[in-house]
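Residues per chain, in single letters:
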Amino acid sequence: MIEHLSLPRLSIASLGGTVSMRAGVAGCGVKPTLDCEQQLLQIPELREMAQLNVASLCLVPSASLDFATMLEVLEWARREVERGAQAVVVSQGTDSLEETAYLLDLLWPFDAPLVMTGAMRSASQPGNDGPANLLAAAQVALAHGSCGRGVLVVMNDQVHSPARVRKTASMAIAAFESPDCGPLGEVVEGVVVYRHPPGRREVLPLPHRTDQRVALLEACLDADTALLQAVATLGYEGLVIAGFGAGHVAANWSDVLGHLAPTLPVVVATRTGSGPTARTTYGFEGAEIDLQKKGVHMAGQLCPRKCRILLWLLIGTNRQHELQAWLHA
Ligand code: ASP
């Protein structure tokens, strides 16, 4: 008993996703079913590592998560740390994990780690990775070296930065990568090994409004401008473009972006999946030099989806003027 009480306190919550999914009626596919306690049944060693506080906050596929739910998850995690949890683990679907993790990281004010994980194989599949990922997430959460790193994404024994991680494969077990920089660290025989010490972190305050909407559109061959032109009239307060190559759009799009940029923040990122946007290389209409002259922001390393999260939070905290600084932090 004394030994039990000396264990660190770890709070674990589940939101749903494949890690919670199981087959029901034959032929109908897997669906979110397992609550957090049920997800942990296959990992009895967790209770020898920590005093657990377990919560099932929702049970949905991660495409159906939203900003409001994630702010509630943040609130739950804050309370757990304030009540003495050494660290927090959150499991959810992998489809939107790269976005939710970045959102929470921009708002996570503690040194205590918040570790997010999921699974690529459901609980009904042989070789399912949910229990292994949950165990690795707990090991990372409890590791001293994880303190001061904000939110961490743990999948397939790798630890990723929420600002850089992407789901790059739809079905593979090794579905997560951090293009250009690689993972922050690895879990080897239960021990987390980081490649570098933690860097400086900056966080945003909680948004004081959440009704703002930020559109995300992808540039593609021979696209007309009808949707682009509708962005302002539909009430969007920010716009992100997943641009070609180094952050480029066609000349007709450049023209519309030039009209939009004085009225709402516009960011152009790259749709390629890795590498930064350019700043000073290309001189044609629709390339970075032209776009920046028109007041458009280039995303740098941040992928289009994460740009949308950042812009949503900056608008919600009335800090749109900090956009350029955050993009190139
Ligand atoms: N395929 C997804 C997952 O890995 C489903 C989801 O994101 O909820 O969890």
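Structure first, text after, so check above.
Scoring rules and cut-offs
- Numbering of residues begins from 1 in every chain and follows the order in which that chain's sequence is written.
- A pLDDT threshold of at least 70 governs which residues receive local features in this predicted model, and a stricter bar of 80 or more applies before side-chain atom pairs are shown or counted, although totals over entire chains, interfaces and linings include all residues.
- In computing side-chain values, all of the structure's heavy atoms are included and hydrogens and water are not.
- When DSSP finds two or more bridges between a pair of strands, those strands are recorded as paired.
- The secondary structure listing takes helices from DSSP runs of H or I that are at least 4 residues long and strands from runs of E that are at least 2 residues long, numbered from the N terminus.
- Whenever a helix is involved, its axis is fitted only over the stretch in contact; in every case the axis is a line through C-alpha atoms, and angles between N-to-C directions fall within 0 to 180 degrees.
- Each patch is built from residues that are more than 30% exposed by relative accessible area and take part in no salt bridge. Like charges join if they lie within 9 Å; nonpolar side chains (Val, Leu, Ile, Met, Phe, Trp, Tyr) join within 5 Å.
- Surface exposure here means Shrake-Rupley accessible area, sampled with a 1.4 Å probe, where a residue is shielded only by the protein chains that are shown.
- Salt bridge, as used here, is a side-chain nitrogen of Lys or Arg placed within 4 Å of a carboxyl oxygen of Asp or Glu.
- Angles below 35 degrees are treated as roughly parallel, those above 145 as roughly antiparallel, those between 65 and 115 as roughly perpendicular, and all remaining angles as oblique.
- A crossing counts as left-handed when the near helix is turned anticlockwise from the far one by less than a right angle, and as right-handed when that turn is clockwise.
- Whether two residues are in contact is decided by their heavy atoms: any pair within 4.5 Å suffices.
- Working definition: residue near molecule or strand if any one of its non-hydrogen atoms lies within 4 Å of it.
- Counting of polar contacts relies on pairs of N or O atoms within 3.5 Å, with two restrictions inside protein: one atom must be capable of donating a hydrogen and the other of accepting it, and residues adjacent in sequence are counted only when both atoms are side-chain atoms.
- Polarity classes work like this: nonpolar for Ala, Val, Leu, Ile, Met, Phe, Trp, Tyr, Cys and Pro, charged for Asp, Glu, Lys and Arg, and polar for all others, with Gly in that last group.
- Centres within 6.5 Å make a pair out of two Phe, Tyr or Trp rings, where for Trp the six-membered ring is used; the pair is then stacked when the planes are under 30 degrees apart, edge-to-face when over 60, and tilted otherwise.
- With a 1.4 Å probe rolled over the protein chains alone, any residue whose accessible area is under 20% of its type maximum counts as buried; one over 50% counts as exposed, and the rest are partly exposed.
- Expected span, for any helix, means 1.5 Å times one less than how many residues it has.
- We call a set of buried residues a nonpolar core when its members are Ala, Val, Leu, Ile, Met, Phe, Trp, Tyr or Cys and they connect through side-chain atoms within 4.5 Å of each other.
- Handedness rule for crossovers: strands pointing away from the viewer, path from the first strand over the helix to the second running clockwise, crossover right-handed.

### Examining the sheet that holds strand β11 (residues 185–188)
In spatial order, the strands read β4-β1-β5-β6-β7-β8-β11-β12; together these eight strands make up an open sheet with mixed pairing. If you trace the sheet from one side to the other, it starts and ends with β4 (51–60) and β12 (191–194), each paired once. Between one strand axis and the next, the sheet turns through 25 degrees on average, direction left out of account.

### Remarks on a nonpolar patch on the surface
Where nonpolar side chains cluster on the molecular surface, the patch consists of Val188, Val191 and Val193 and spans about 240 Å² of accessible area. Among the structural elements, Val193 can be located in strand β12.

### Details of the packing of helix α4 (residues 67–82) against helix α5 (residues 97–107)
At a minimum axis separation of 10 Å, α4 and α5 run at an interaxial angle of 50 degrees. As judged from the angle between their axes, α4 and α5 are oblique. Taken as a pair, α4 and α5 cross one another with a handedness that is right-handed. Two secondary-structure elements touch here, α4 through Phe67, Met70, Leu71, Val73, Leu74 and Arg78 and α5 through Thr100, Leu103, Leu104 and Leu107.

### Quick word on the site of the ligand
All residues in the neighbourhood of the ligand are listed as Gly17, Thr18, Met21, Pro61, Ser62, Gly93, Thr94, Asp95 and Ala119. At a separation of 2.3 Å, an oxygen atom of the ligand approaches a polar side-chain atom of Thr94. Between the ligand and the protein, one listed contact pairs an oxygen atom with a backbone N or O atom of Asp95 at 3.0 Å. Tallied by class, the residues present in the shell around the ligand amount to three nonpolar, five polar and one charged.

### Comments concerning the packing of aromatic side chains
In total, this model carries three aromatic pairs according to the counting rule given. Plain terms: the ring middles of Phe67 and Trp312 are 3.9 Å apart, the flat faces sit at 15 degrees to each other, and that makes the pair stacked. Here the residue Phe67 occupies a position in helix α4, and Trp312 occupies one in helix α10 (residues 304–316), the gap between them amounting to 245 residues. Here Phe67 and Trp312 have matching classes, each one buried.

### Thoughts on the environment of Asp224
Inspection of the secondary structure puts Asp224 in the loop between β13 (214–218) and α7 (226–233). In this structure Asp224 comes out as exposed when scored by relative accessible area, which is 55%. Asp224 sits 26 residues away from Ala250 along the chain, and the two C-alpha atoms are 9.7 Å apart. From its side chain, Asp224 meets the backbone nitrogen of Ala226 in a polar contact 2.9 Å long.

### Some thoughts on helix α6 (residues 130–142)
Its 13 residues give α6 an end-to-end C-alpha distance of 18 Å, which sits within 8% of 18 Å, the value for a rise of 1.5 Å per residue. The buried count for α6 comes to 12 of 13 residues, which makes it a mostly enclosed element. The set of residues buried in α6 consists of Gly130, Pro131, Asn133, Leu134, Leu135, Ala136, Ala137, Ala138, Gln139, Val140, Ala141 and Leu142.

### Some words on the nonpolar core
The biggest cluster of nonpolar side chains holds 52 residues, and the ones touching the most others in it are Trp108, Leu114, Met116 and Leu310. Once residues lying within four places of it in the same chain are set aside, the contact partners of Met116 are Met70, Val90, Gln92, Leu97, Thr100, Ala101, Leu104, Val151, Leu152, Val153 and Val154. In this structure, Val115, Ala137, Leu142 and Leu152 belong to the second largest nonpolar core, which totals 28 residues.

### What to know about the sheet that holds strand β14 (residues 238–243)
In space, the four strands of this open sheet follow the order β13-β14-β15-β16, with parallel pairing throughout. The sheet is open, and its two edges are formed by β13 and β16 (297–298), each paired on a single side. Relative to the sheet, α7 contacts β13 and β14, its axis offset from that of β13 by approximately 175 degrees. The sheet strands contacting α10 are β13, β14 and β15 (266–270), and the helix crosses β14 at an angle near 165 degrees.

### Some details on the pairing of strand β6 (residues 114–117)
Burial along β6 is two-sided: Leu114 and Met116 facing one way and Val115 and Thr117 facing the other are all buried. The pairing of strand β5 (residues 87–91) with β6 spans four bridges and is parallel. By the bridge assignment for β6, Ser91 is matched with Thr117. Read as a crossover between parallel neighbours, the route from β5 over α5 to β6 is right-handed. For β6 and strand β7 (residues 151–155), the ladder comprises three bridges, and the chain directions are parallel. Considered in β7, the bridge of Leu114 is made with Val151. Regarding the hand of the β-α-β motif, the stretch spanning β6, α6 and β7 is left-handed.

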